[in-house]
Amino acid sequence: MSDLPKSVSISEEGPREGFQIEPGPIPTARKIELIDALSETGLRRIQVASFVSPRHVPGWADADEVVEGFRREPGVAYSVLWLNEQGLDRALGKEGIEMQGSISTSASETFMGKNTNRGYERNREVQKNQIDTYLAHGMPVRKASVMAAFGCNFEGGVPVSKVLEAVRDLMEIAAEKGVEIGTLSLADTMGWAQPASIRAVVGAVREEWPDQEIALHLHDTRGMGIANAYAGLEMGVTKFDSSVAGLGGCPFAAHKGAAGNVCTEDLVFLCEEMGIDTGVDLDGLIECARLAEDIVGHPLPGSVMHGGSLSRFREARA
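Nothing here was measured: the structure is a model prediction, and the numbers come from that model.

Participant: How do you make sense of the pairing of strand β6 (residues 183-188) when you look at a structure like this?
Facilitator: The side chains of a regular strand alternate between the sheet's two faces. Burial analysis of β6 places six of its six residues in the buried class, which makes it a mostly covered element. Judged by which residues are buried, β6 turns out to be covered on both faces: Thr 183, Ser 185 and Ala 187 on one side and Leu 184, Leu 186 and Asp 188 on the other are all buried. The β-α-β motif built from strand β5 (residues 141-147), the intervening helix α7 (residues 160-176) and the parallel element β6 has right-handed crossover chirality. Note that β6 and strand β7 (residues 213-218) share six bridges and pair parallel. If you follow Thr 183 over to β7, its bridge partner there is Glu 213. With helix α8 (residues 195-208) bridging β6 and its parallel neighbour β7, the resulting β-α-β unit is right-handed.

Written out as structure tokens, the structure reads:
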């Protein structure tokens, strides 16, 4: 177990992940409103849209309009999601979007089929071809991601050995193409993780690849998101994906109650109370969470957005 980190890097995925699963329709202007508000909180990475098929993900039928409409804040890296070359081509045509390539696989082949409509063998070829495409466009490829790294609604529990096998596969693909991976992202796509499994998987991955930075993409389907983030912090993880107000969920997880990523303001609150710097204005982020709830028109699962930070209570008693 590592000492707690002094600072963490948070990648905000609420706009992209949240609006893809809301029954909607969410007006384009309101999506832009949330992105612009998040840009003023000190967050340094925001994923703003999905360039995917509107037939499969109708919530992002207006991705082009959103990406063209939001205000770029200096110092903030804005990214988008794509799953194929058509989506990549759309992203390449947009100004002010950070274009970095990554490769991915899943510890569950069944989920991969649901999510990307391909199996392991086909995915290997796709990842190799994607690297070639990224390099041809001058895009760095430094990240490798494993989905369903802690369990799967279709296949059940995922052994640590299967996660390691998935990471090896990606590292071999990267080595074959002359690409040096710097970050390994482990995703609890369907909310199966709990602190013990976080420690087990992160520990095993770090033991085999000690020089790789590990990032966690945690879903809060069963209320374990913030506990799992804490376990990750105990293991020295410094990169987290999160979602303002707990927006989101995976549309391919076969679970209508699947929650979004670990809640951003809850994660920031946890870190600040533990003396870990996030660079984020918590009170400003709480206002964004309340805005998100207003936009979707129903309660969202974040806790700190309702309870507030402790700053005003401390100031009142200073």
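There is more to say, and it comes next.
Participant: How should I be thinking about helix α9 (residues 225-234) in this particular structure?
Facilitator: Each α-helix turn comprises 3.6 residues. Residues three or four places apart therefore point the same way. Among the 10 residues that make up α9, seven are buried, leaving the element largely enclosed by the rest of the structure. Within α9 the residues assigned to the buried category are Gly 225, Asn 228, Ala 229, Ala 231, Gly 232, Leu 233 and Glu 234. Contacts made by the buried residues of α9 are with β6, α8, β7, β8 (239-242) and α10 (264-273). Just downstream of α9 lies Gly 236, where phi reads positive at about 85°.

Participant: Is there a simple way to explain a negative patch on the surface in this structure?
Facilitator: Taken together, the side chains of Glu 272, Asp 277, Asp 281, Asp 283 and Glu 315 present a region of like negative charge at the surface. Mapped onto the elements, Asp 283 comes out in helix α11 (residues 282-296). By relative accessible area, Asp 283 is classed as partly exposed at 39%.

Participant: What exactly am I supposed to notice about the pattern of salt bridges here?
Facilitator: Oppositely charged side chains may form a pair once their charged atoms are brought near each other. In this structure the tally under the stated criterion is 22 salt bridges. For Arg 30, the salt bridge goes to Glu 33, with nearest N and O atoms at 3.1 Å. Placement of both Arg 30 and Glu 33 in helix α2 (residues 28-38) is noted, with a separation of three residues, approximately one turn of the helix. A relative accessible area of 23% means that Arg 30 is categorised as partly exposed. Note on Glu 33: relative accessible area 36%, which makes it partly exposed. Between Arg 124 and Asp 169 there is a salt bridge whose closest N-O contact spans 2.9 Å. With Arg 124 in helix α6 (residues 120-136) and Asp 169 in helix α7, this residue pair connects regions lying 45 residues apart in the sequence. Overall, the relative accessible area of 21% leaves Arg 124 in the partly exposed class. Classification of Asp 169 by relative accessible area gives buried; the value is 14%. A network of salt bridges, in which partner residues are shared, links Asp 64, Glu 68, Arg 90 and Lys 94.

Participant: Whenever I open this one, the nonpolar core confuses me. Can you help?
Facilitator: As a rule of thumb, soluble globular proteins bury nonpolar side chains together. Counting 94 residues, the largest nonpolar core has Leu 34, Val 48, Val 80, Leu 186, Val 205 and Leu 216 as its most contacted members. The contact partners of Val 80, leaving out residues within four places of it in the chain, are Gln 47, Val 48, Ala 49, Phe 51, Val 67, Ala 91 and Ile 97.

Participant: Where do I start with the side chain of Lys 94 in this structure?
Facilitator: Among the secondary structure elements, Lys 94 is positioned in the loop between α4 (85-92) and β4 (101-106). Here Glu 68 takes part through its side chain, which lies 2.6 Å from a polar atom of the side chain of Lys 94.

Participant: Mind showing me how you'd approach the environment of Arg 312 here?
Facilitator: Considering the arrangement of structural elements, one finds Arg 312 in helix α13 (residues 311-316). Each C-alpha atom, one on Arg 312 and one on Thr 105, is 45 Å from the other, the two residues being 207 residues apart in sequence.

Participant: Looking at this structure, how should I read α2?
Facilitator: Along α2, the residues classified as buried are Lys 31, Ile 32, Leu 34, Ile 35, Asp 36 and Leu 38. Looking at the packing, one finds that the buried side of α2 touches β1 (9-12), α1 (14-19), β2 (45-51), α3 (63-69), β3 (77-82) and α11.

Participant: Even after reading the chapter, I still don't get the sheet that holds β1, so can you show me in this structure?
Facilitator: Within a beta sheet, neighbouring strands are joined by backbone hydrogen bonds and run either parallel or antiparallel to one another. Strand order in this open sheet of eight strands is β3-β2-β1-β8-β7-β6-β5-β4, and the pairing throughout is parallel. Looking at strand neighbours, the two that pair on one side only are β3 and β4, the edges of this open sheet. The mean angle between the axes of side-by-side strands here comes to 25°, regardless of whether they run parallel or antiparallel. Relative to β2, β1 runs parallel, the two sharing two bridges. Across the sheet, residue Glu 12 finds its bridge partner in β2, namely Ile 46.

What counts and how
Residues numbered from 1 in each chain as written. Predicted model: local features only at pLDDT ≥ 70, side-chain atom pairs only at ≥ 80, totals over all residues. Heavy atoms only, no water. Buried < 20%, exposed > 50% of the residue type's maximum accessible area, 1.4 Å probe, protein only. Helix = DSSP H or I, 4+ residues; strand = E, 2+ residues; numbered from the N terminus. Right-handed = clockwise from strand over helix to strand, strands pointing away. Pairing = 2+ DSSP bridges. Contact = heavy atoms within 4.5 Å. Patch = residues over 30% accessible without salt bridge, like charges linked within 9 Å, V, L, I, M, F, W, Y side chains within 5 Å. Areas by Shrake-Rupley, 256 points an atom, 1.4 Å probe, with all protein chains shown as cover. Salt bridge = Lys/Arg side-chain N within 4 Å of Asp/Glu carboxyl O. Lys, Arg positive; Asp, Glu negative; His and termini not counted. Charge placed at Lys NZ, Arg CZ, Asp CG, Glu CD. Core = buried A, V, L, I, M, F, W, Y, C linked by side-chain atoms within 4.5 Å. Polar contact = N/O pair within 3.5 Å; in protein donor to acceptor, adjacent residues only side chain to side chain. Axes fitted to C-alpha atoms, helices over the stretch in contact; angles between N-to-C directions.

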